[in-house]
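Coordinate analysis (summary)
Each chain is listed here by its residues.
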Amino acid sequence: MNWDETGPDTGELTDLTDMGERLDDRLVDAGADGEDTAVEAALRPKDLREFVGQETVREQLDLVLRAARVRGATADHVLLSGAPGLGKTTLSMIIAAEMGAPIRITSGPAIQHAGDLAAILSSLQEGEVLFLDEIHRMSRPAEEMLYMAMEDFRVDVIVGKGPGATAIPLELPPFTLVGATTRAGLLPPPLRDRFGFTGHMEFYAPTELERVIHRSAGLLDVAIDTAGAAEIAGRSRGTPRIANRLLRRVRDYAQVKAEGAIDRDIAAAALRVYEVDARGLDRLDRAVLGALLKLFGGGPVGLSTLAVAVGEERETVEEVAEPFLVREGLLARTPRGRVATPAAWAHLGLVPPQQGTKGQQGLFGA
């Protein structure tokens, strides 16, 4: 596959203002929606041997869990960091399965008061795994209570208010906390230091995503060949959740127009319908690049100006579109503004302006 190929598959930008999409509507969004949550339950691997990718984290975690089983002790607390859709929730369930323990799942935004956390901790069984997603979004009072719970398996419950308030110590059974975060830098050092094992989840290589797709296709009873899996993997942004979502959409197309079998041509045709190009860019991504190249000569241009040009909020461009464009080397952030790279010009099939005519100056002949 040629990343710089042009033609219908790259998608020509026709209307910069027709951008009603938001994060939850994008086929290439790494966040989970209701359909993803339901399907992922059936596709999740059940143990570390089935888990594809993340070789370093998998090997290290396997040693931690095996050692805990040999000692007959509860596993150390685990912190998993990385972008959405890389398998943090799946690994937490595998940890519980490997330890033969039940798992309880909650999230940082759901714990707004120390009492919320105390209620969860006090009902844990010995050895139980508590999975706390988006742990960096937990409230500060609950976070401070968690320090003592993780280290001493004890919490102090405050009864009453004012001078008459008393602290009642509550002993907790040994448990394993698995925290997941997309922004590890927001965790305070005292919380990070209490995790016995920290694993960072990396984006997947296309070959690893091909293995994910073949495994998921088998579970979904979808016929797919090697070339078809490679085509989907190349457009999946290094994220298994996106790969599985694209596989389901290609399956729909194949069942309607190709008797259910998926090859490279069917996969490419299906994803062309869903406006996901050969490099994994969707309409929003191409709108940002198209505005930067066509309206501003490749930049530099300010973020707010670029957002107005594509009819989106500044936060949408900065938080939704830019991270992937920067990671792919299509866009650069500079002190003067956003700048397109040569790869961006090639990907959209456009010719860069001549040297000496940069950005807005070249547009107005200055």
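See the structure above.
In this report, the structure presented in the accompanying data block is examined. (Residues numbered from 1 in each chain as written. Predicted model: local features only at pLDDT ≥ 70, side-chain atom pairs only at ≥ 80, totals over all residues. Heavy atoms only, no water.)

Each helix and strand counted, the protein chain has 15 helices and 11 strands in total. Buried positions account for 49% of the 366 residues belonging to the protein chain. Sequence-distant contacts, at least 24 apart, represent 73% of the contacts inside the protein chain between residues at least 6 apart. With the model as given, the accessible surface of the protein chain reaches about 17,200 Å², and the carbon-plus-sulfur share is 52%. (Helix = DSSP H or I, 4+ residues; strand = E, 2+ residues; numbered from the N terminus. Buried < 20%, exposed > 50% of the residue type's maximum accessible area, 1.4 Å probe, protein only. Contact = heavy atoms within 4.5 Å. Areas by Shrake-Rupley, 256 points an atom, 1.4 Å probe, with all protein chains shown as cover.)

Moving on: the packing of aromatic side chains. Inspection of the entire model under this criterion finds 1 aromatic pair. Pairing Phe-153 with Phe-175 gives two aromatic rings, centres 5.5 Å apart and planes at 80 degrees, and the pair type is edge-to-face. In this pair, Phe-153 is assigned in the loop between α5 (140–152) and β4 (154–159) and Phe-175 in the loop between β5 (166–171) and β6 (176–181), connecting sequence segments 22 residues apart. For Phe-175, a relative accessible area of 1% puts it in the buried group. The ring of Phe-324 is capped by Arg-237, whose NZ or CZ atom sits 3.9 Å from the centre of that ring. Just above the ring of Phe-203 sits the side chain of Arg-327; from NZ or CZ to the centre is 3.6 Å. (Phe/Tyr/Trp six-rings, centres within 6.5 Å; stacked < 30°, edge-to-face > 60°. Lys NZ or Arg CZ within 6 Å of the ring centre and 35° of its normal.)

Quick look at helix α3 (residues 88–99) now. Here α3 spans 17 Å end to end across 12 residues, near enough to the 16 Å set by a 1.5 Å rise per residue. Most of α3 sits out of view: 9 of its 12 residues are buried. The complete set of buried residues in α3 reads Lys-88, Thr-89, Thr-90, Leu-91, Ser-92, Ile-94, Ile-95, Ala-96 and Glu-98. Against α2 (55–71), β1 (78–81), β2 (103–107), β3 (129–133) and β6 lie the buried residues of α3. Where α3 ends, the next residue or the one after it, Gly-100, has phi of about 65 degrees, a positive value. (Expected span 1.5 Å × (residues − 1).)

Okay, the pattern of salt bridges next. Counted under the stated rule, the structure contains 18 salt bridges. Here Arg-338 ties to Glu-322 by a salt bridge, and the two come within 2.6 Å at their closest N and O atoms. Taken as a pair, Arg-338 in strand β11 (residues 337–340) and Glu-322 in helix α13 (residues 314–327) lie far apart in primary sequence, 16 residues in all. With respect to class, Arg-338 is no different from Glu-322; both count as buried. Salt bridges sharing partners connect three or more residues here, namely Glu-231, Arg-235 and Arg-264. (Salt bridge = Lys/Arg side-chain N within 4 Å of Asp/Glu carboxyl O.)

On to the nonpolar core, then. Within the largest apolar cluster, 48 residues are counted, with the highest numbers of intra-cluster contacts made by Leu-91, Ile-213, Ile-224, Ile-232 and Ile-262. With 7 residues, the top contributor of residues to this core is helix α9 (residues 240–257). (Core = buried A, V, L, I, M, F, W, Y, C linked by side-chain atoms within 4.5 Å.)

Looking now at the pairing of strand β7 (residues 197–200). By the alternation rule, side chains of β7 split into Phe-197 and Gly-199, which are all buried, and Thr-198 and His-200, of which none is buried. Here β1 runs beside β7; their pairing, made up of 4 bridges, is parallel. From the neighbouring strand, Leu-79 faces β7, where its bridge partner is Thr-198. (Pairing = 2+ DSSP bridges.)

Before going further, it helps to examine unusual backbone geometry. Non-glycine residue Phe-153 carries a positive phi angle of around 50 degrees. The backbone phi angle of Arg-237 is positive, close to 60 degrees, even though this residue is not glycine. By the secondary structure assignment, Arg-237 is in the loop between α8 (226–233) and α9.

The quantities given are spatial measurements derived from coordinates; they are silent on function.
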